[in-house]
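Tertiary structure, described
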Amino acid sequence: MDTTFDVRVWQIERGAGRLRESYGVRWSVAGKRHRKSFQTFALADGFRAELVTATHAGEPFNVSTGLPERHEPRASSVEWYDFAVQFADAQWPRVSANHRRNTARTLMIVTTALMDRDPPGVPSRRVRTALSDWAFNTNRRGGAPEDIVSLLGWVRRHTPTMDAWTDPLVVQDVLLVLGTLLDGRRAAASSVKRHRRVLHLVMKYAIARGILLSDPVPEGRNLTPQPAGAIDRRRLLNAQQAPRLLDWIRDQPRSGRRLHAFFATLYFTGLRPEEAVALHVSDLVMPASGESRWAEIVVHTAEPEIGRTWTDSGTRHDQRYLKGRAEGETRIVPCPPALVHVLRARIKDAGLLPGDRLFPGEHGGVLAGSVYRRMWDHARRATLPPHVYASPTGRRVYDLRHTRLTMWLNNGIPPAEVAAWAGTSVAVLFATYAQCISGQEQDLRRRLDEVQNASATVAA
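One structure accompanies this document, and this report is about it. Computed from a predicted model, the values in this text were never measured in an experiment.

Describing the overall build of the chain
Secondary structure assignment for the chain yields 18 helices and nine strands. When each of the 460 residues of the chain is scored for burial, the buried share is 42%. Relative to all contacts within the chain whose residues are 6 or more apart in sequence, the contacts with residues 24 or more apart total 64%. Here the chain has roughly 25,000 Å² of accessible surface; of this, 51% comes from carbon and sulfur atoms.

Describing helix α6 (residues 146–157)
Helix length check: α6, at 12 residues, gives a terminal C-alpha distance of 17 Å against a target of 16 Å (1.5 Å per residue), a fit within 8%. Of all the positions in α6, only I148, L151, L152, W154 and V155 are classed as buried. Viewed along the axis of α6, the buried residues span an arc of 155 degrees, placing them on a single side of the element. In α6, the exposed positions angled more than 90 degrees off the buried face are occupied by E146, S150 and R157.

Regarding the sheet that holds strand β9 (residues 331–335)
If you trace the three strands from one edge of the open sheet to the other, you get β7-β8-β9, paired in antiparallel fashion. Each edge of the sheet is formed by a strand with only one pairing partner; in this case those strands are β7 (284–285) and β9.

Let's talk about the packing of helix α15 (residues 399–410) against helix α16 (residues 415–422)
One way to put it is that α15 packs onto α16 with a least axis distance of 9 Å and a crossing angle of 155 degrees. It follows from the interaxial angle that α15 and α16 lie roughly antiparallel. Handedness of the α15/α16 crossing: right-handed. Between α15 and α16, the residues in contact are R401, L405, W408 and L409 and P415, V418, W421 and A422, respectively. Tallied by class, the residues present in the contact of α15 with α16 amount to seven nonpolar, no polar and one charged.

Quick look at the side chain of T393
Along the chain, T393 turns up in the loop between α14 (386–389) and α15. Owing to a relative accessible area of 10%, T393 belongs among the buried residues under this scheme. A polar contact is formed between the side chain of T393 and the backbone oxygen of R234, at a distance of 2.9 Å. Not counting the four nearest positions on each side in its chain, T393 is found in contact with R234, R235, L236, L237, Q241, R380, L384 and V388.

As for the pairing of strand β8 (residues 295–299)
Only one face of β8 is covered, namely the face carrying A295, I297 and V299; the face carrying E296 and V298 is uncovered. Pairing of β7 with β8 involves two bridges; the strand directions are antiparallel. Residue L284 lies in a different strand from β8, and its bridge partner there is I297. Taken together, the five bridges between β8 and β9 define a ladder with antiparallel strand orientation. Within the sheet, the bridge partner assigned to A295 lies in β9 and is C335.

Section: the pattern of salt bridges
In total, this model carries 16 salt bridges according to the counting rule given. Taking the shortest distance from any N to any O, the salt bridge between D247 and R250 comes out at 3.4 Å. Within this pair, D247 and its partner R250 are both found in helix α9 (residues 241–250), separated by three residues, close to a single helical turn. Judged by its relative accessible area of 33%, D247 falls in the partly exposed class. Between E305 and R316 there is a salt bridge, and its shortest N-O distance comes to 3.2 Å. Linking E305 in the loop between β8 and β9 with R316 in the loop between β8 and β9, this pair joins segments that are 11 residues apart in sequence. Overall, E305 belongs to the partly exposed group, its relative accessible area being 24%. One continuous salt-bridge network, built from bridges that share partners, spans E13, R26 and R35.

Reading guide: rules and limits
One numbering rule holds for all chains: residues counted from 1, following each sequence as written. Per-residue local features are limited, in this predicted model, to residues with pLDDT of at least 70; the limit for side-chain atom pairs, both in listing and counting, is 80 or more; totals at the level of whole chains, interfaces and linings are taken over all residues. Hydrogens and water are ignored here; the side-chain numbers use all heavy atoms of the structure. Numbered from the N terminus, helices here are DSSP runs of H or I no shorter than four residues, and strands are runs of E no shorter than two. Three labels apply to residues, based on accessible area from a 1.4 Å probe with only protein chains included: buried if under 20% of the type maximum, exposed if over 50%, partly exposed otherwise in between. A contact between two residues is defined here by any heavy atoms of the two lying within 4.5 Å. Only the protein chains shown count as cover for residues, and all accessible areas are computed by the Shrake-Rupley method using a 1.4 Å probe. Given a helix with a known number of residues, its expected span is that number minus one, times 1.5 Å. It is the directions from the helix axis to the C-beta atoms whose arc is reported. Each pair of strands is called paired provided DSSP finds at least two bridges between the two strands. Interaxial angles span 0 to 180 degrees and are taken between N-to-C directions of axes, which are lines fitted to C-alpha atoms, for helices over the stretch in contact. Each angle is binned into one of four classes, with values under 35 degrees roughly parallel, values over 145 roughly antiparallel, values of 65 to 115 roughly perpendicular, and all other values oblique. The hand of a helix crossing depends on one turn: near helix anticlockwise from the far one by less than a right angle means left-handed, and clockwise means right-handed. Each residue gets one label: Ala, Val, Leu, Ile, Met, Phe, Trp, Tyr, Cys and Pro are nonpolar, Asp, Glu, Lys and Arg are charged, and the others, such as Gly, are polar. Counted as a polar contact is a pair of N or O atoms within 3.5 Å, where, for protein atoms, one must be capable of donating a hydrogen and the other of accepting one, and residues adjacent in sequence contribute only when both atoms are in side chains. The term salt bridge refers to a side-chain nitrogen of Lys or Arg lying within 4 Å of a carboxyl oxygen of Asp or Glu.

In structure tokens:
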């Protein structure tokens, strides 16, 4: 790094911000001006005194950062690989299993981008697996087999120190890799956004430990492709397709009736799949009698399927509180009479008790995503015309939720009520389903005509 003894320090400046006064220290290094603000005069005076003392002691200053060499962060003495492992371990106990997996994937991509060359004779896929499944997995790293340990040792020796992040070209190369798939295609905007969010957390962790001075990853909306927030209305099922799919599933042997009740719950209540699989019989508040009465479902937890290597319990599903809500909070979702009939029959036929899961797996436990996704695909293939099956219509199980929320909005249910039932915010609701709301134009035009006619009468 370039250093110089050409340093000049000015007096402290006093400024008035919007909320409080501030005090700025200005100095120049080799003609390049620097400024740092402080909330109190004492802090500013202490920092200025350190600069003046360094100049009197004949200490060299870094031209880029403007700081004495003894103030330089210790980036050059910290290996990227060691730091990434340390970050993964620090995050592990505080975040969900899904966040752990996403963090490991981002660190894996960044590490492969920083390697000076590929390990000889080792497929790139094996390197990626070793990093994501072992190096950045706190639970598994200690039990890694010898060949994985040897491979990770090679990776550690061929990745740079943390001062590589001070090179803008290195940062650009890493961001390029994060935004590109292995086959060269552009990565999904949501994936790029998630990778950059993790990378910013990594840099914030480095700054807090004095390894880096600032976050080298640029901010800005124009630097990250924006994800498509609005739902493609082609994904929604119409009033004929959804019942036909549910009827086909109900008639299948073995798991047909159990999965029919599961899919019917998604369709009639708009629950997320990870919320539905966590339901127990006791979560249903059923009417005392009568098939034509409404019930309620108390949703209080979710069990997303992440993978047993990322959960604390060692099971495939992570038990989490509701999305967007504090731990322990619940929400009430209305259960229409048609679904009440289905669920009553489900409980009676299976002989379920209040503490039993409403939709267990075939051998007990949590219903696996691979099971219900496979059944859903078979139902689409069997009931939809080939050109519709090949389209986005109902391609994902999650589209049952999208269909229900859109139906609620199109039928005039207040958005605040829909958001409360769906477990989201009104802002997200509008951003997601704005393009799917239809069928209200005539009513709106009638209201406008009434306003205009009333105005005309007053004017006359």
